[in-house]
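What follows is each chain in one-letter form.
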Amino acid sequence: MKKETNDLFKELQKNCKIDDYINSNTSSFVNHTLGDFWKSMCEKSGKSKSNIINKSDFNYSFFYDIINGRKIPARDKIIRLVLTMNLTLDECQQALRLSDKALLYPRVRRDSIIIFAINNCLTIAQCNEQLIKFNEEVLK
């Protein structure tokens, strides 16, 4: 059975043996690759890959390198994909986490605008308009 993240943290704070911890929590670990994640998100979005490529303004080969796990995009590129696919904030944070990128943080003004855009299903252009409105750097 999968355990909550907080429960896993609590176990690690105790004087546990790492072998026991790993063996007893195998079902709680993330086992999919970044490529698998992007493929499942493409399917979930219900959009064609060509539509995602066009709306995110990505190069065809760059997009396929991402979804096949050959390239890890920059943080802004991940956010562009999230907005294009209308993913949730949790899915965005998961994509950032799997890519070893900084999570969106609501105390950072630019991140707050991006969080707002994701939560309100804004397009990349609409998100960039909001970023410009508040003198923040647009998504690259």
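Residues numbered from 1 in each chain as written. Predicted model: local features only at pLDDT ≥ 70, side-chain atom pairs only at ≥ 80, totals over all residues. Heavy atoms only, no water.

**Side note on the packing of helix α6 (residues 75-85) against helix α7 (residues 89-98)**
In step 1: The N-to-C vectors of α6 and α7 enclose an angle of 150°; their axes lie 10 Å apart at closest approach. By the criterion of interaxial angle, the relationship of α6 to α7 is roughly antiparallel. Two packed elements cross with a definite hand, and for α6 against α7 that hand is right-handed. Residue-level inspection shows R75, I78, I79 and V82 of α6 in contact with α7, the latter providing C92, A95 and L96.
In step 2: Partitioned by chemical class, the residues of the contact of α6 with α7 number 6 nonpolar, no polar and 1 charged. (Axes fitted to C-alpha atoms, helices over the stretch in contact; angles between N-to-C directions. Helix = DSSP H or I, 4+ residues; strand = E, 2+ residues; numbered from the N terminus. Parallel < 35°, antiparallel > 145°, perpendicular 65-115°, else oblique. Left-handed = near helix turned anticlockwise from the far one by under 90°. Contact = heavy atoms within 4.5 Å. Nonpolar A, V, L, I, M, F, W, Y, C, P; charged D, E, K, R; others polar.)

**Quick notes on a nonpolar patch on the surface**
In step 1: A grouping of L12, I18 and I22 is seen on the molecular surface, where their side chains present a nonpolar patch of about 250 Å² in accessible area.
In step 2: Tracing the sequence through the fold places I22 in helix α2 (residues 18-24).
In step 3: Judged by relative accessible area, I22 falls into the partly exposed class, the value being 38%. (Patch = residues over 30% accessible without salt bridge, like charges linked within 9 Å, V, L, I, M, F, W, Y side chains within 5 Å. Areas by Shrake-Rupley, 256 points an atom, 1.4 Å probe, with all protein chains shown as cover. Salt bridge = Lys/Arg side-chain N within 4 Å of Asp/Glu carboxyl O. Buried < 20%, exposed > 50% of the residue type's maximum accessible area, 1.4 Å probe, protein only.)

**Observations regarding the packing of aromatic side chains**
In step 1: By the definition in use, this model includes 4 aromatic pairs.
In step 2: When the ring of F37 is compared with that of W38, the centres are 5.2 Å apart and the planes differ by 70°; the resulting orientation is edge-to-face. Accessibility assignment for this pair places F37 and W38 in one class, buried.
In step 3: Arranged with centres 5.3 Å apart and planes meeting at 85°, the rings of F63 and Y64 form a pair that is edge-to-face.
In step 4: Under the relative-accessibility criterion, Y64 is labelled partly exposed at 23%.
In step 5: Through a chain of ring-to-ring contacts, three or more aromatic side chains come together here, namely Y60, F63 and Y64. (Phe/Tyr/Trp six-rings, centres within 6.5 Å; stacked < 30°, edge-to-face > 60°.)

**Description of the state of the cysteines**
In step 1: Counting across every chain of the model gives 0 disulfides.
In step 2: C121 carries a free sulfur, and the closest cysteine sulfur to it, the one in C127, is 12 Å from it.
In step 3: Here C127 is not disulfide-linked; the sulfur of C92 is the nearest cysteine sulfur, at 10 Å.
In step 4: Under the relative-accessibility criterion, C127 is labelled buried at 0%. (Disulfide = S-S within 2.5 Å.)

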